[in-house]
Each structure stands twice: as C-alpha cells, then as structure tokens.
Amino acid sequence: MSQLLMTPGPTNIPKRSVNKMLESFSIHHRSKEYSLMYKKFNENLKYVFQTKNEIITLPSSGTGGLESSILNLLNENDKVLFISVGVFGDRFKQMGEINNLDIDFLDIKRGRGFYLEEVKKVLKKEHKAVIVTHNETSTAVTNDIKNLSKLVKKEDRLLIVDAVSSLGAIDIKMDDWDIDVLITGSQKSLMSPAGMCFVGLSDKAIEICKKNKRKTYYFDYISALEYLKGDYPKNPYTPPVQLIACCLESLNMIKEEGLQNTFKRHDNLAKYMREELTKRDYEFYTHKDFYSNTLTAIKIKEQNAVEIQDYIKKKHNIYIATGQQDLKNKIIRIGHMGNVNKDMIYRTLNAIDDYNKNK
Ligand code: PLP
C-alpha cells in the first residue's frame with residue numbers, strides 16, 4: 001500500500017484521477033481534444049471558486065499564483081495592507097517587499113486569526129489593496145474573509161486572498177463575498193499533484209490589470225484570459241496537460257459529491273479529529289475561534305514532534321507534518337483535506353496511540 005499522506009498538502013490523489021492522468025499523455029495542447037478538456041476544466045473551476053468569471057490556470061505552485069497577483073495588479077509604491085497570521089502570510093508580505101510596494105503590516109499573534117477590530121484600527125483610505133491568507137497552514141487558522149470583505153470594500157480597495165490550503169474544502173464564495181483575486185494551488189483540496197495554481201479575478205481586478213503599469217510576460221493574466229475566449233480555449237504557452245487531466249477528474253468528483261457536501265464532510269472530519277485528540281489530552285495550537293477544517297495543529301509538550309513524525313512514517317506508512325520554523329519540534333500538523341475519509345483519520349489516531357504506548 002502506498003504511503004498515506006496526512007499532511008496539509010500535497011494530499012492523496014484519487015485513483016480515478018491518476019488513471020485519467022495516465023490516459024492523457026498523447027493529448028496535444030494545441031488540439032481540439034485538449035481545448036474541450038480545458039473548457040470542461042474551467043467550468044469545474046468556476047464551480048469550486050463559486051464565481052461566474054473565468055479562472056486563470058498557471059503552471060506554477062501556489063507561491064507563483066500569489067506573486068502573480070502583485071505583478072499584475074500592483075505597481076511600485078502602491079500602498080497596501082498585508083495581514084499575516086503565520087508563515088504564509090509573512091511570505092506573501094516578502095513578495096510585496098521584493099516588488100517594492102509601500103507596505104503596512106498587521107502582524108497577528110501566532111495561533112489565532114485577526115479580529116475585525118484590529119483590522120479597522122490599521123485600515124487606511126489610501127490602501128489600494130488588502131492582502132490576506134484565508135487558511136494559514138503553518139498554524140491551522142481559518143480567517144473570516146466574509147466579514148473582512150465587508151470592511152475592506154467600504155472603500156474602493158482590492159481584496160486579494162490566498163486560499164491555497166482551503167479552496168474546495170472550506171466555503172469561500174468569490175462572487176458573493178466580493179473577492180477581487182482568489183488564489184489556490186492544485187496539490188491540496190483539489191486532490192492533484194503540485195505544479196498548477198489557479199487565480200480567480202473580479203471584473204474590477206481585470207480592469208485594473210489591463211491598465212497596470214507593471215508588466216509580466218509569463219504570469220500575464222490578460223494574455224491568459226484572451227486564450228480562454230471562444231469555444232476552444234487554450235493557453236499562451238505549453239500547459240501541464242497531464243496535471244489538468246488529473247485535476248479535471250478530481251474536480252468531477254467534487255461536483256459529484258456536491259460542493260456543500262464536500263464542505264460538510266471536511267467539517268465533520270475536522271470535528272471528529274479534534275474530539276478524538278481532546279480525549280487523548282492533546283492541546284490545540286490554534287485558538288478555538290479559528291479552528292481550520294483542513295488541518296489540525298497540536299502542541300507537543302516533550303518537543304519531539306520530528307521523532308513522532310518519523311515513528312509514524314516508519315511503523316505505519318503515514319506521513320504527518322511537524323511545525324514550521326521555530327515550531328518545528330513543538331507542534332504536529334495533521335492534514336485532513338481533499339481525498340480524505342474517517343478511516344484515514346482513524347488510522348492516523350491509531351498510529352499516534354501506538355507511538356504513545358511504545359515511546
Ligand atoms: N499559502 C498557503 C496558505 C499554503 O499552505 C502554501 C503551501 O503550503 C502556500 C501558500 C505556498 O504554496 P506552494 O507551496 O504550492 O507554492
């Protein structure tokens with residue numbers, strides 16, 4: 001049996017999707033056959049993004065998707081508010097620094113998300129954009145984007161959201177919540193290999209891109225949108241056809257389950273995971289107001305998270321994640337997103353029990 005991935009990405013890829021990938025090697029990216037597949041793929045992406053607008057597919061991991069939003073929409077010295085609740089929020093801000101934005105930074109204490117009052121205090125009229133992480137994977141925190149949007153959109157600002165570890169598993173309504181740029185990656189809840197990111201754009205964001213002074217060739221949104229037009233959509237350059245074939249099947253599975261049911265399944269599994277860990281006396285790293293449905297972070301008092309990870313990998317063929325940076329040995333992060341069910345959670349808990357019995 002192959003190793004069970006219980007990490008917050010990459011995640012387990014369904015057999016059905018792997019089979020579709022294997023069948024796709026002879027598809028040429030300039031053929032009608034590809035265009036018809038890509039058209040269906042885009043329809044499915046719109047469904048999971050909960051938007052009527054086109055979604056851009058870029059051949060890069062999530063990080064490329066995040067940086068592309070800065071390159072397409074923001075110019076040097078644009079005043080921007082970055083809100084960070086962990087490692088991935090910090091990285092997004094670093095991308096803003098490298099690209100010479102004029103940054104205000106709301107740095108939230110690790111282990112929780114932002115409260116709206118905190119944002120209210122620092123939000124300025126001059127902010128052209130607010131940039132934030134929906135689900136912070138380093139701390140297992142989910143932020144309230146719906147209400148943040150109400151606040152941000154009181155003035156004419158852009159809302160740019162990193163939903164790399166949430167979209168497709170935790171509800172995020174691009175159109176209803178008036179999000180301008182919504183970014184995710186292929187290797188998490190969308191149950192595919194790493195290597196693609198997807199960017200949803202509001203009408204307002206598209207207009208800003210068209211007029212933007214800063215230019216990028218490879219990540220150019222407007223060029224990608226042009227190629228999506230018509231009955232036979234394509235890409236500006238060679239796309240990862242096999243990843244698209246794989247991800248199309250995973251998206252078909254989400255459609256078959258129904259997006260709301262997919263959210264419910266993640267909600268139920270996350271609650272089950274938290275209940276079972278509580279019974280075992282584990283303390284959560286995440287403040288209770290911000291629990292994530294795609295991963296759970298627990299404190300490891302003995303500070304031997306790496307040892308636990310190694311044991312579970314060697315003895316049970318299950319791979320879980322430790323903390324990042326200074327949390328490396330202090331927390332364990334268990335991913336439960338995408339192609340996940342109760343049996344997988346049960347096996348992981350069992351492996352933790354085994355470690356505790358034998359340590
Ligand atoms: N943002 C979040 C919330 C993530 O969890 C990740 C990856 O784990 C990224 C961004 C970066 O994505 P990638 O590693 O695909 O570049």
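Just above sits the structure.
Residues numbered from 1 in each chain as written. Predicted model: local features only at pLDDT ≥ 70, side-chain atom pairs only at ≥ 80, totals over all residues. Heavy atoms only, no water.

Let us look at the overall build of the protein chain. Each helix and strand counted, the protein chain has 12 helices and 13 strands in total. The C-alpha atoms of the protein chain give 20 Å as radius of gyration, which agrees with the globular expectation for 359 residues (21 Å, within 12%). The dimensions of the protein chain, computed from C-alpha atoms along their principal axes, are 60 × 55 × 35 Å. Burial status across the protein chain gives 60% buried among its 359 residues. Contacts in the protein chain between residues at least 24 apart in sequence constitute 72% of all its contacts with a sequence separation of at least 6. A total accessible area of about 15,300 Å² is found for the protein chain, and carbon and sulfur atoms account for 51% of it. (Helix = DSSP H or I, 4+ residues; strand = E, 2+ residues; numbered from the N terminus. Rg over C-alpha atoms; globule rule 2.2 N^0.38 Å. Buried < 20%, exposed > 50% of the residue type's maximum accessible area, 1.4 Å probe, protein only. Contact = heavy atoms within 4.5 Å. Areas by Shrake-Rupley, 256 points an atom, 1.4 Å probe, with all protein chains shown as cover.)

Before going further, it helps to spend a moment on the environment of asparagine 44. Inspection of the secondary structure puts asparagine 44 in helix α2 (residues 32-49). Residue classification places asparagine 44 among the buried positions, given a relative accessible area of 0%. Beyond its immediate sequence surroundings of up to four residues, asparagine 44 is in contact with Leu248, Leu251, Asn252 and Lys255. Separated by 3.3 Å, the side chains of asparagine 44 and lysine 255 make a polar contact. (Polar contact = N/O pair within 3.5 Å; in protein donor to acceptor, adjacent residues only side chain to side chain.)

In this section: the sheet that holds strand β1 (residues 4-6). Taken in spatial order, the four strands of this open sheet run β1-β12-β13-β11, and their pairing is mixed. The sheet is open, and its two edges are formed by β1 and β11 (295-299), each paired on a single side. Put simply, the sheet's adjacent strands are angled 30° from each other on average, direction ignored. Looking at chain direction, β11 and strand β13 (residues 331-335) are connected through five bridges and run antiparallel. The partner of alanine 297 across the bridge, within β13, is arginine 333. Helix α12 (residues 342-358) contacts β1, β12 (318-322) and β13 of the sheet and is inclined by roughly 85° relative to β1. (Pairing = 2+ DSSP bridges. Axes fitted to C-alpha atoms, helices over the stretch in contact; angles between N-to-C directions.)

A word on the side chain of serine 202. Looking at the secondary structure, you find serine 202 in the loop between β10 (197-201) and α7 (203-211). With a relative accessible area of 12%, serine 202 lands in the buried category. For serine 202, the side chain forms a polar contact with the main-chain nitrogen of alanine 205, separated by 3.0 Å. If we ignore the near neighbours within four places in the chain, the residues touching serine 202 are Asn53, Met174, Ile179 and Asp180.

In the region of the ligand, 13 residues are neighbours, and Ser61, Thr63, Thr137, Asp162 and Lys188 sit closest. Contact between the ligand and glycine 62: an oxygen atom at 2.8 Å from a main-chain N or O atom of the residue. For the ligand, whose free accessible area comes to 390 Å², the fraction covered by protein is 88%. A total of three residues in the shell around the ligand trace back to one element, the largest contributor, which is helix α3 (residues 62-73). Residue composition of the shell around the ligand, grouped by class: three nonpolar, eight polar and two charged. (Near = heavy atom within 4 Å. Nonpolar A, V, L, I, M, F, W, Y, C, P; charged D, E, K, R; others polar.)

Its 18 residues place the ends of α2 25 Å apart at the C-alpha level, agreeing with the 26 Å of an ideal helix rising 1.5 Å per residue. Where α2 is concerned, the buried positions are Tyr34, Ser35, Met37, Tyr38, Phe41, Asn42, Asn44, Leu45, Val48 and Phe49. Positive phi shows up at glutamine 50, right after α2, with a value of about 55°. (Expected span 1.5 Å × (residues − 1).)

Here we come to a nonpolar patch on the surface. A cluster of nonpolar side chains, contributed by Ile13, Val18, Leu22 and Phe25, occupies part of the molecular surface with about 360 Å² of accessible area. Summarising the element assignment, leucine 22 is placed in helix α1 (residues 15-23). We classify leucine 22 as exposed; its relative accessible area is 56%. (Patch = residues over 30% accessible without salt bridge, like charges linked within 9 Å, V, L, I, M, F, W, Y side chains within 5 Å. Salt bridge = Lys/Arg side-chain N within 4 Å of Asp/Glu carboxyl O.)

Look at helix α4 (residues 87-98): 17 Å from first C-alpha to last across 12 residues, which is about the 16 Å you get at 1.5 Å a residue. Every buried residue belonging to α4 is among Val87, Gly89, Phe92, Lys93, Met95 and Gly96, and all of these are buried. At the exit of α4 stands asparagine 100, carrying a positive phi of roughly 60°.

Of all five residues in strand β8 (residues 158-162), five are buried; the element is thus mostly enclosed. Going residue by residue along β8, you find Leu158, Ile160 and Asp162 tucked away on one face and Leu159 and Val161 tucked away on the opposite face as well. One ladder, built from five bridges, connects strand β5 (residues 129-133) with β8; its direction is parallel. Within the sheet, the bridge partner assigned to threonine 133 lies in β8 and is aspartate 162.

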